[in-house]
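If you want the building blocks of each chain, they are given just below.
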Amino acid sequence: MAYKGKNRIVHILESEDYGKTVTVFGWVRTKRESKNVGFITLNDGSTIQNLQVVIEGSSMNEALMARIHSGASLKITGELIPSPGQGQKVELKAGAVEILGEANPDEYPLQPKKHSLEFLREIAHLRFRTNTFGAITRVRHAMIFAIHKFFNDRGFYNIHTPIITASDAEGAGEMFRVTTLPSLNPPLNETGAVDFTRDFFGRETNLTVSGQLEAELAALAMSLVYTFGPTFRAENSNTSRHLAEFWMIEPEMAFYDIHDNMDLAEDLLKYLLNYALEHCPDDLDFLSKRQQDEEKNKKQEDRSPMELIEKLKFVIDNKFERISYTEAYEILKNSNHNKKKKFQFPVHEWGIDLQSEHERYLVEKHFGKPVILIDYPKKIKAFYMRVNDDDQTVRAMDILFPQIGEIVGGSQREERLGKLLARMKETGIPEKQMWWYLETRKFGSVPHSGFGLGFERMMLFVTGMGNIRDVIPFPRTPLNAEF
Ligand code: 4AD
Ligand code: MG
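Calculation notes
Residues numbered from 1 in each chain as written. Chains lettered and ligands numbered in written order. Predicted model: local features only at pLDDT ≥ 70, side-chain atom pairs only at ≥ 80, totals over all residues. Heavy atoms only, no water. Phe/Tyr/Trp six-rings, centres within 6.5 Å; stacked < 30°, edge-to-face > 60°. Buried < 20%, exposed > 50% of the residue type's maximum accessible area, 1.4 Å probe, protein only. Lys NZ or Arg CZ within 6 Å of the ring centre and 35° of its normal. Near = heavy atom within 4 Å. Polar contact = N/O pair within 3.5 Å; in protein donor to acceptor, adjacent residues only side chain to side chain. Areas by Shrake-Rupley, 256 points an atom, 1.4 Å probe, with all protein chains shown as cover. Helix = DSSP H or I, 4+ residues; strand = E, 2+ residues; numbered from the N terminus. Nonpolar A, V, L, I, M, F, W, Y, C, P; charged D, E, K, R; others polar. Pairing = 2+ DSSP bridges. Salt bridge = Lys/Arg side-chain N within 4 Å of Asp/Glu carboxyl O. Core = buried A, V, L, I, M, F, W, Y, C linked by side-chain atoms within 4.5 Å. Domains from an automatic or database assignment. Lys, Arg positive; Asp, Glu negative; His and termini not counted. Contact = heavy atoms within 4.5 Å. Buried area = accessible area lost by both parts, 1.4 Å probe. Axes fitted to C-alpha atoms, helices over the stretch in contact; angles between N-to-C directions. Parallel < 35°, antiparallel > 145°, perpendicular 65-115°, else oblique. Left-handed = near helix turned anticlockwise from the far one by under 90°.

**Here's the deal with the packing of aromatic side chains**
Point 1. Scanning all chains against the criterion turns up 18 aromatic pairs.
Point 2. Seen in terms of ring centroids, F200 and F201 are 4.8 Å apart; in terms of plane orientation they differ by 70 degrees. Their pairing is edge-to-face.
Point 3. Judged by its relative accessible area of 41%, F201 is partly exposed.
Point 4. Taken together, the aromatic side chains of F150, F151, F156, Y226, Y271 and Y275 make up a single cluster linked through ring pairs.
Point 5. One Lys or Arg, R154, reaches over the ring of F150 and ends 3.7 Å from the middle of that ring.
Point 6. The lysine or arginine in question, K381, covers the ring of Y376, its NZ or CZ lying 4.2 Å from the ring centre.

**A short note on the site of ligand 1**
Point 1. In the neighbourhood of ligand 1, 24 residues make up the surrounding shell, with Q212, R233, E250, E406 and I407 lying closest.
Point 2. At a separation of 2.7 Å, a nitrogen atom of ligand 1 approaches a polar side-chain atom of Q212.
Point 3. The backbone of F451 places a nitrogen or oxygen atom 3.4 Å from a nitrogen atom of ligand 1.
Point 4. Coverage of ligand 1 by the protein amounts to 93% of the 640 Å² it exposes when considered alone.
Point 5. Of all elements in the fold, only β11 (245-254), β15 (405-412) and β16 (448-454) reach the threshold of two or more residues within the shell around ligand 1.
Point 6. Take the shell around ligand 1: its biggest share by element is 5 residues, from β15.
Point 7. Class assignment for the residues of the shell around ligand 1 results in 8 nonpolar, 8 polar and 8 charged.

**Examining helix α14 (residues 455-463)**
Point 1. When you tally the buried positions in α14, you get 9 out of 9 residues, the bulk of the element.
Point 2. All buried positions along α14 are accounted for by F455, E456, R457, M458, M459, L460, F461, V462 and T463.

**Description of the sheet that holds strand β8 (residues 177-178)**
Point 1. Read across the sheet, 3 strands follow the order β7-β9-β8 without closing on themselves; strand pairing throughout is antiparallel. At either end of the open sheet lies a strand with only one pairing partner, and these are β7 (164-165) and β8.
Point 2. Where β8 meets strand β9 (residues 205-207), 2 bridges bridge the pair, whose relative direction is antiparallel. Paired with V178 across the bridge in β9 is T205.

**Topic: the pattern of salt bridges**
Point 1. Tallied over the entire structure, the rule returns 31 salt bridges.
Point 2. Between D375 and R395 there is a salt bridge; the shortest N-O distance is 3.3 Å. With D375 in strand β13 (residues 371-377) and R395 in strand β14 (residues 393-401), this pair connects stretches of sequence that are 20 residues apart.
Point 3. Residue D375 is classed as buried on the basis of its relative accessible area, which comes to 15%.
Point 4. The exposure class assigned to R395 is buried, which follows from its relative accessible area of 18%.
Point 5. Each of E216, E252, R413 and R441 takes part in salt bridges that share partners, so that together they form one network.

**Details of the pairing of strand β4 (residues 73-82)**
Regular strands show a simple pattern: their side chains alternate between the two faces of the sheet.
Point 1. Here 7 bridges tie strand β1 (residues 21-33) to β4, and the two strands are oriented antiparallel to one another. Looking across to β4, one finds that F25 is bridged to K75.

**Comments concerning the nonpolar core**
Point 1. Core analysis: the largest hydrophobic core is formed by 68 residues, its most contacted members being M143, L284 and L453.
Point 2. Counting residues per element, this core draws most heavily on helix α6 (residues 258-279), which supplies 12 residues.
Point 3. When residues are assigned to domains, this core turns out to be shared by domain 1 (5-113) and domain 2 (129-174 + 209-470), each giving three or more.
Point 4. By size, the runner-up hydrophobic cluster in this structure holds 31 residues, among which are L213, L354, L373 and L400.

**A look at the side chain of E214**
Point 1. Summarising the element assignment, E214 is placed in helix α5 (residues 212-222).
Point 2. For the buried E214, no salt bridge exists, and the shortest N-O distance to an oppositely charged side chain is 11 Å, to R203.
Point 3. What E214 contacts, discounting residues up to four positions off in sequence, is T161, P162, T165 and W436.

**A short note on the domain arrangement of the chain**
Point 1. You can read the domains of the chain as domain 1 (5-113) and domain 2 (129-174 + 209-470).
Point 2. Between the C-alpha centres of domain 1 and domain 2 the distance comes to 44 Å.
Point 3. The partner domain 2 presents 8 residues to the 10 residues of domain 1 that form the contact.
Point 4. Interface area, domain 1 with domain 2, both sides summed: about 750 Å², of which 47% is carbon and sulfur.
Point 5. Ranking the residues of domain 1 by area buried against domain 2 places R29, I48 and L110 at the top, with a combined share of 63%.
Point 6. Across the domain 1-domain 2 interface, the total number found is 0 salt bridges.
Point 7. Taken together, the links from domain 1 to domain 2 amount to 5 residue pairs in polar contact (both at pLDDT 80 or more).

**A closer look at the packing of α6 against α14**
Point 1. Their axes nearest at 11 Å, the elements α6 and α14 cross at an angle of 45 degrees. Judged by the angle between their axes, α6 and α14 are oblique. Remark: the crossing between α6 and α14 carries right-handed chirality. On α14, the residues that touch L269, L272, L273 and A276 of α6 are M458, F461 and V462.
Point 2. Residue composition of the contact of α6 with α14, grouped by class: 7 nonpolar, no polar and no charged.

**Focus on the pairing of strand β2 (residues 37-43)**
Point 1. Across the 7 residues of β2, 6 count as buried, placing the element largely inside the fold.
Point 2. Two elements, β1 and β2, share 6 bridges in a ladder whose sense is antiparallel. Residue pairing in the sheet places R32 in a bridge with F39 of β2.
Point 3. Examined bridge by bridge, β2 and strand β3 (residues 51-56) share 6 bridges and lie antiparallel to one another. Paired with F39 across the bridge in β3 is V54.

This is the structure:
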């Protein structure tokens, strides 16, 4: 077929090889026809721009044209000519037009008009063919690539941590069970419970909620590691920021304290935003216009105060605010918002878990920039976080972003065996099951830290999209696993 790099539409549009004969491939976005001339815009996913194809003279064949509609796939050989139209240098004067696959206009659901994001979720198998999802898909790829580049350039090793796990110690959320036992009449033990010793792994197993615990094992030998894998949470939260299956970047660093950890996380986020600005300008430009269109339909107070690209630059240029949970608590408690009872969850007692509305208040109203919160009450954080000298707080760190709320969660880890055991007892984590994790604290334990960046939360921020279901190709949410 000869679809090899050079004739991808992104390259054709950059070339000025007027007079050259090329063969292009792609899907029809629009078709217009007048008496002796037809115009087709063709897209092959390589760019947000379409290639304009002109069909006239002997190439103009009415019978053929009648079979070409939006969504059809074509192979066209023709001559590159300067474009009289605005916005592109070059267009294609068609010679041979071959239809690879037709698309019946009475059935094809994507018409050349604006479709709602809700409708597009129902046709997720076709939504890659829209400008919005083409742009998101390319930006998503760029971000994946940039994440690996960031860590590789800094000497980190990528670790594949397991997806099926027998430990449910993270406590990060409800888990999905993995089993080969029959769902009807599974074997039972003496107590009447399901007998998992007869299951595939001889024990109860689940899909992982995080690769952290295994990444820690690797970090305590390789020093600098990261995992970037799918994670699963069966929490029934139907929000615009939660998925049941999402991707998480989890670096883990030996010899890093909480401050080194914050520096790395801030660097990573800024690096990714920079990378997007540099490598995806056309797509971000499109997404910015899309967002501005969308904003017009929103209430004034829900509108984003900044245009997308300006917002990304603003985050890159400003140091994130770093404050303790206690300081944040005081700010929230004393805020007019709280006094006027405008929070759904009032802030009245030190120790409460912060809700998304509190996080967003701090970021959007109080500081006007990303915030890193540290030193949370130990009661609301996981057992593995290092306990501070006050014995009330732990070296946790959450990074809060505008419109998103929590984008990163991490901590310095508890490296002292005695303290770790005490925390496990306090939080009811079974010691026996975690023997392998504990051994790293017995043998050559070192201070170490890490964090988890939710990849789709980051994608929400970079693309300016409002719903997490629209930044992953095939979202998994409660009652939704169609594609
Ligand atoms: O704060 P979380 O639960 O942290 C952990 O899992 C740690 N083990 C990470 C670590 O220290 N290595 O999750 C980390 C991030 C959150 O800040 C959020 O961005 C994202 O993962 N996240 C979700 N993203 C989409 N859907 C969900 N249901 C998410 N839950 C968490
Ligand atoms: Mg968290």
